[in-house]
Amino acid sequence: MSAEATNPGAPLRKRGRPRIDLRRLGRVALLGPVSRDRLPDAIGHVAEAHRAHYPDADLAILRKAYVLAESSHRGQMRKSGEPYITHPLAVTLILAELGAETTTLTASLLHDTVEDTEVTLDQVRDEFGDEVCYLVDGVTKLEKVDYGAAAEPETFRKMLVATGNDVRVMSIKLADRLHNMRTLGVMRPEKQARIAKVTRDVLIPLAERLGVQALKTELEDLVFAILHPDEYERTQALISSWSGAQDPLTDIADSVRATLRDAGISAEVLIRPRHFVSVHRVRIKRGEMRGTDFGRLLVLVGEDADCYAVLGELHTCFTPVISEFKDFIAAPKFNLYQSLHTAVVGPEGAVAEVLIRTHRMHKVAEAGVVALGNPYTQDGTTAAHQAEPADGERADPTRPGWLSRLLDWQESATDSDQFWATLRDDLAQDREITVFRTDGGTLGLPAGASCVDAAYAQYGDEAHGCIGARVNGRLATLSTVLNDGDTVQLLLAQDASSGPSPEWLEHARTPAARIAISAWLDAHPDGAQGPHKSRPDAPRPQVQPADEPSGSRGRPAGRAPTVAVDTPGAPVRLAGCCTPVPPDGIVGFTVRGGSVTVHREECPAVARMRAIGRAAVGARWNTPDDRSDTPDYRVTLVAESFGRPRLLADLTEAIATAEAAIVSATVEPPSEQRVRHTYTLQLPDAAGLPGLMRAMRDVPGVYDVSRAQQPAATG
Ligand code: MN
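Sequence order as written defines the numbering, with residues in each chain counted from 1. Totals for whole chains, interfaces and linings use all residues, but because this is a predicted model, local features are given only for residues with pLDDT of at least 70 and pairs of side-chain atoms are given and counted only at 80 or more. Side-chain numbers come from the whole structure's heavy atoms, not from hydrogens or water.

A. How the structure looks around the pattern of salt bridges. Here a salt bridge means any side-chain nitrogen of Lys or Arg lying within 4 Å of a carboxyl oxygen belonging to Asp or Glu. Enumeration according to the criterion identifies 19 salt bridges in this entry. Across the salt bridge formed by K173 and D176, the nearest N and O atoms sit 3.6 Å from each other. Highlighted residues: K173 and D176, both in helix α8 (residues 167-182), separated by 3 residues, approximately one helical turn. Exposure is judged per residue with a 1.4 Å probe applied to protein chains only, and the accessible area is read against the type maximum: over 50% gives exposed, under 20% gives buried, and values in between give partly exposed. Using a relative accessible area of 1% as the deciding quantity, one classes D176 as buried. Working definition: helices are DSSP H or I runs of at least four residues, strands are E runs of at least two. Numbering for both runs from the N terminus.

B. Spatial organisation of the coordination of the manganese ion. Donors, by definition, are the N, O and S atoms found within 2.8 Å of a metal, the threshold being 3.2 Å for Na, K and Ca, and water is not counted, so a site can look incomplete. Only H87 (NE2), H111 (NE2), D112 (OD) and D176 (OD) from the protein coordinate the manganese ion, and they sit 2.0 to 2.4 Å from it. In primary-sequence terms, the residues that donate to the manganese ion follow H-x23-H-D-x63-D. Within this pair, whereas H87 is found in helix α3 (residues 86-98), its partner D176 is found in helix α8, the two being separated by 89 residues in sequence. Comparing H87 with D176, the two get one shared label, buried.

C. Structural detail: helix α24 (residues 689-697). Taken as a whole, α24 has its buried residues at L689, L692, M693 and M696. Projected down its long axis, α24 carries its buried residues within an arc of 95°, all on one side. Residue contacts are defined here by distance: any two heavy atoms, one from each residue, within 4.5 Å place the two residues in contact. Contact partners of the buried residues in α24: β17 (633-642), α23 (647-657), β19 (674-683) and β20 (702-707). An arc is given here, and it is the one of the directions from the helix axis to the C-beta atoms.

D. Broad picture of the side chain of T358. On the secondary structure map, T358 appears in strand β6 (residues 351-358). Once residues lying within four places of it in the same chain are set aside, the contact partners of T358 are L300, V301, G302, E303, D304 and C307.

E. Molecular detail of the nonpolar core. Nonpolar cores were defined as sets of buried Ala, Val, Leu, Ile, Met, Phe, Trp, Tyr and Cys residues, with membership established by side-chain atoms within 4.5 Å. The biggest cluster of nonpolar side chains holds 62 residues, and the ones touching the most others in it are L110 and V124. At the level of elements, α1 (41-53), α2 (60-73), α3, α4 (102-109), α6 (121-147), α8, α9 (189-209) and α10 (213-227) are the ones that each hand at least two residues to this core. Those residues in contact with L110 that lie beyond four places of it in its chain are A65, L68, A69, V124, F128, V132 and V136. Of all hydrophobic cores here, the second largest spans 28 residues; its members include A455, A476, L490 and L521.

F. View of the confidence of the model for the chain. How sure the predictor is of each residue is captured by pLDDT, a score from 0 to 100. On average, residues of the chain score 75 in pLDDT, and 70% of them are at 70 or above. Contacts of residues 528-550 to residues separated by more than four positions or lying in other chains number 97 contacts, the stretch itself having pLDDT below 50. Predicted confidence is poor over residues 625-631, with pLDDT under 50, and the contacts of this stretch with residues over four places away or in other chains come to 9 contacts.

Pasting the structure below:
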């Protein structure tokens, strides 16, 4: 156990052993003569930091890279007057301390040689191999992004492409930016502000996404000091004002240590000071600071199970603030972060926030992808603490899910300004959710994503034909916002004539969906004319969400509105785009397959249809009186089937073709791949029932259709 002294007056991030110390690197030793027998002193710091994470690392290649970098940069000076080589050395030391593997460090030492010296990429490839060459090339491309402001959006796309192929490129870029930010004081104020803004808008969100907390927090403080100097000073004064007082967290930490010792749980209990920006945020949130707000308790344990044991003890022996409890172990954040968060009330009534994690989780929390090791080696060069992939999204550490998505849609965005704007939106979202597909896969989506987003994430442009969704087994509108852990199944129309409606844009949160929908709408100014065109907030009226009581739309229970048209015998459907209900004026159009789609008269689709010469078909509502002279035959059928995409769409298609109207439908959550649909249907007469049941049985995947003993439940 380590009891940690706290001293809020000291630079914040220097306190606390587990915090990876980055600040002491500012002045890397100036260079002595390079000896053949030993590493030069400057690279010695790097070697030492690297060996701490990788005791068996081969240092020869680092030395070789250093020698090349030093000799090629010789004579170049930084604006501060220091030899240029101090920069790549500092960058490499940052990465070494975070636990980056040898290849990354080699490329980091060389990262500015191709851009700024006589060294060529071919030379790097010849001497250090393809991998190092690839990383150096990627960083060289990124370098141009920062200083080519005129073409920023376009070059940023290139930057993402470089990143997308290997996240280690971005690791180097982040460390490079951190060192440049630390040494920004020598620049003109306007230039400082410009660089700080790019750091704020792009580099910090990327550091967050990549889980590199240690870099992110320091970058945040550096940006804060440049862009908000007054607030920064105020925060600094606030922290100083507490530096003399006894830290109330110390007492709570002592109590926690005693509690865990009594419980026989081996744990380190540390006080982890907040960084400046974090203190500032807490002050804004609370209005005023409590003594316990300047830091948080960090409890480090050996095993995952110990985390919960600690939590149990804390919640038993202290009064927990339950609303503060979050389990990021069971449900890790998108950036690999895992911890338990809680807050407890200490002896004096002070509330202390507590983070509980294993040592492995702590390393990942601090260093994120940088600590994941070389993704291309299976052997010991990979960090021993490598995070296990929690799902398909995280299986490839070089290319996390969000990055794959960015790369996918950067190819489809033709307008770089649009790309830039949507990228910033995407990065501004603070969290991702994981939803499960019924085929066993997962989709990573930003928080707030709807079924529309899920459709485009899963099916790409095929999602244009999406007509509905099931969320956790229940029919849902496309506008439904998904929650972490939901199971989503998307229903696609089979005919190619359907397409997205403009309203979908209101429910699309992801750039991929927005770009695809916009592109489709631009290419189809007349809109879709398919029978499945729907708007997300209006389910097809024939299909009622399973959780909605029958009749809730203001019509008598069990009496779905029916329409008579002037084309006898043709199947009739109500258009999804305008969802007509009585007593709307309506008009029909014959569509592919001979069925008639009925729109409201004022629906824009009607004008478009007429404009292209499509003949209207007369249509009118069957009033209740009309219906009284036709037998009102209702039946409840249960369809048992194997779950598959489009099953619901195919079943409802079969039902509509048999001229039955769906009064209500219930879809039970799939169990062992089997799905049970229960439909209450209204037929013109009982004679149609055998044909209807045959048609439903003919739908692929359906293995039984039977009459239910009870009418379909409506809730
Ligand atoms: Mn650099």
